[in-house]
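The lines below spell out each chain.
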Amino acid sequence: MIMLTTRVSSSLFPCLPFDKEMMESTPSTLYVVDEDTDLCDFIAQLFGSVRLPVKTFSSSQIFLSQFQPDQAGCLLLNDRMPKISGLELQERVLQMGALLPVILMSGHGEISTAVRAMKNGAFHFLEKPLESQRLLEIVQEAIRSDALTRARLSAHARVSQRLVRLSDREWEIAEQMTLGKRSKEIGLTLKISTKTVEAHRASIMLKTGSRSTVELVRLVWSFQCLFNQWPDHWMPIWRKSR
């Protein structure tokens, strides 16, 4: 059995808070796309035993006609399907901005297919026939990863809401503040007066609702941590343009 693990894990985001309530309350579903109906039935029965909802699809086209990018859970794909292959479906799901971890199954075990899948961010690549216990473990690991990802995104959204109101100049000053610089030093760095820096600092504190410089620094650091480490296709659009 071929098993390759991608970069997605909680260790990527050690400095970020996460929304524990969202992580525990968002329902997850295993989506299975494979033309082998017997295999789909087997997987549905297997995960029914651990009370994980399963939805099966006999083709990529049917899946795409019903799929919504904000759905939570995990996507289990057969790599070889007519018209739209598993790899092509994986790429389309990525293009839609979906967060779902993708696990590809193959009855051929081609290394080139595995490499391409992993480069596209696949969570795992498995060779058929599938081992029941190992499949359970991998899917449950992917479900946990997805839940943590969404919880951190929820926390990040709250952070972003407090920072999105800052102007470009205020953002520059906020970043300088995270470096521990005083108003005079910031003024020299940005070539503006100390008085102007002080006015911007007051505006920054008001807009972000920060009660102290320490709170503001933590807020900015939390945002920068996610912005610097998150896969590009998940980046907040408004921050990309800055």
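The following paragraphs examine the structure supplied in this document.

Criteria and thresholds
- Residues numbered from 1 in each chain as written.
- Predicted model: local features only at pLDDT ≥ 70, side-chain atom pairs only at ≥ 80, totals over all residues.
- Heavy atoms only, no water.
- Helix = DSSP H or I, 4+ residues; strand = E, 2+ residues; numbered from the N terminus.
- Buried < 20%, exposed > 50% of the residue type's maximum accessible area, 1.4 Å probe, protein only.
- Contact = heavy atoms within 4.5 Å.
- Areas by Shrake-Rupley, 256 points an atom, 1.4 Å probe, with all protein chains shown as cover.
- Pairing = 2+ DSSP bridges.
- Right-handed = clockwise from strand over helix to strand, strands pointing away.
- Axes fitted to C-alpha atoms, helices over the stretch in contact; angles between N-to-C directions.
- Patch = residues over 30% accessible without salt bridge, like charges linked within 9 Å, V, L, I, M, F, W, Y side chains within 5 Å.
- Salt bridge = Lys/Arg side-chain N within 4 Å of Asp/Glu carboxyl O.
- Lys, Arg positive; Asp, Glu negative; His and termini not counted.
- Charge placed at Lys NZ, Arg CZ, Asp CG, Glu CD.

### Quick word on the overall build of the protein chain
Within the protein chain, the regular secondary structure consists of 11 helices and five strands. Counting every position in the protein chain, which comprises 242 residues, the buried fraction comes to 48%. Put simply, 71% of the contacts in the protein chain that link residues at least 6 apart link residues at least 24 apart. Accessible surface, the protein chain: about 12,600 Å² in total, of which carbon and sulfur atoms supply 52%.

### With respect to the pairing of strand β3 (residues 73-78)
The buried fraction of β3 is high, at six of six residues. Summarising the sheet, strand β1 (residues 29-33) and β3 pair through five bridges and their orientation is parallel. In the sheet register, Y31 faces β3, and the bridge partner there is L75. Where β3 meets strand β4 (residues 102-106), four bridges bridge the pair, whose relative direction is parallel. In the sheet register, L75 faces β4, and the bridge partner there is V102. Running through helix α4 (residues 86-95), the crossover from β3 to the neighbouring parallel element β4 is right-handed.

### Focus on the sheet that holds strand β2 (residues 54-57)
Strand order in the open sheet formed by five strands is β2-β1-β3-β4-β5, and the pairing between neighbours is parallel. Either end of the sheet is taken by a strand with one partner, and the two such strands are β2 and β5 (124-127). Within the sheet, the average angular offset between the axes of one strand and its neighbour, ignoring direction, is 20 degrees. Across four bridges, β1 lies against β2 in parallel orientation. Bridge pairing in β2 places Y31 opposite K55. Its contacts with the sheet put helix α6 (residues 132-163) on β1, β3, β4 and β5, and the angle it makes with β3 is roughly 135 degrees.

### Considering a negative patch on the surface
A cluster of like negative charges, contributed by E35, D36, D38 and D41, occupies part of the molecular surface. Note that E35 resides in the loop between β1 and α2 (37-48).

### Considering the pattern of salt bridges
Taken as a whole and judged by the stated rule, the model has seven salt bridges. A salt bridge links R162 to E215, with the shortest nitrogen-to-oxygen separation between them at 3.0 Å. With R162 in helix α6 and E215 in helix α10 (residues 213-229), this pair connects stretches of sequence that are 53 residues apart. R162 sits in the partly exposed class, given a relative accessible area of 28%. Taking the shortest distance from any N to any O, the salt bridge between R211 and E215 comes out at 3.3 Å.

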